[in-house]
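Structure at a glance
In case you want the letters, here they are:
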Amino acid sequence: MRKVFFGFTVIMFVSVIAQFYFATFGAFERPTPAFGAEDAAIMPHILNGTMVLPILSILTTIVAAIAKAGGRLILLSITPLLLIVVQLFVIFELAGMLGATENSTSTASLVVLGFHALDGVAILWASVVLMKKARDLTKAAAPAPQAAVA
């Protein structure tokens, strides 16, 4: 089961890396599409960040618990979801209160929106650490090779 847990951490890491690519892909679309346009290049970033990553974080947490990975790894498995919740319900809400709308931003809202990227880096850090610790857990659970009998 620990190998399955490691597999989930790898999938989550790949999804986080894709999230950074999708952000850049959408950021450089010209002309900039109207906010909320379904055919906008930023849509993969939005869908991956609000649907795929949260689901992967929940599934990874469940698998970590089943694999008896330990409390710290279970908590680290849910960390990406918690950080996504911070983005959606703290960072974006604060930016809105400081003047960010669909058509304009203020300096204060841009300062707050900058934390969106920093939160993304924290998600990347959590997924890297989680993947490394899951790999170590998998190696620790593997039986030691037996010496050859001469």
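Residues numbered from 1 in each chain as written. Predicted model: local features only at pLDDT ≥ 70, side-chain atom pairs only at ≥ 80, totals over all residues. Heavy atoms only, no water.

**Focus: the packing of helix α2 (residues 43–66) against helix α3 (residues 71–97)**
- Close contact between α2 and α3 brings their axes to 7 Å; oriented N to C, the two are set at 155°. Classed by the angle they form, the pair α2 and α3 counts as roughly antiparallel. Remark: the crossing between α2 and α3 carries left-handed chirality. Taking contact as the criterion, the partners of G49, T50, L53, P54, S57, I58, T60, T61, A64 and A65 in α2 are, on α3, I74, S77, I78, P80, L81, I84 and L88.
- Along the lines of polarity and charge, the residues of the contact of α2 with α3 split into 11 nonpolar, six polar and no charged. (Axes fitted to C-alpha atoms, helices over the stretch in contact; angles between N-to-C directions. Helix = DSSP H or I, 4+ residues; strand = E, 2+ residues; numbered from the N terminus. Parallel < 35°, antiparallel > 145°, perpendicular 65-115°, else oblique. Left-handed = near helix turned anticlockwise from the far one by under 90°. Contact = heavy atoms within 4.5 Å. Nonpolar A, V, L, I, M, F, W, Y, C, P; charged D, E, K, R; others polar.)

**Overview of the packing of aromatic side chains**
- The full count for this structure, using the stated rule, is two aromatic pairs.
- Here Y21 and F22 contribute two aromatic rings whose centre-to-centre distance is 6.3 Å and whose plane-to-plane angle is 65°, an arrangement assigned as edge-to-face.
- Classification of Y21 by relative accessible area gives exposed; the value is 52%.
- On the basis of an interplanar angle of 25° and a centroid distance of 6.0 Å, the ring pair of Y21 and F25 is categorised as stacked. Taken together, the positions of Y21 and F25, both in helix α1 (residues 2–27) and four residues apart, correspond to about one turn of that helix.
- Taking relative accessible area as the criterion, F25 reaches 46% and is therefore assigned partly exposed.
- Aromatic ring contacts, followed pair by pair, group Y21, F22 and F25 into a single cluster. (Phe/Tyr/Trp six-rings, centres within 6.5 Å; stacked < 30°, edge-to-face > 60°. Buried < 20%, exposed > 50% of the residue type's maximum accessible area, 1.4 Å probe, protein only.)

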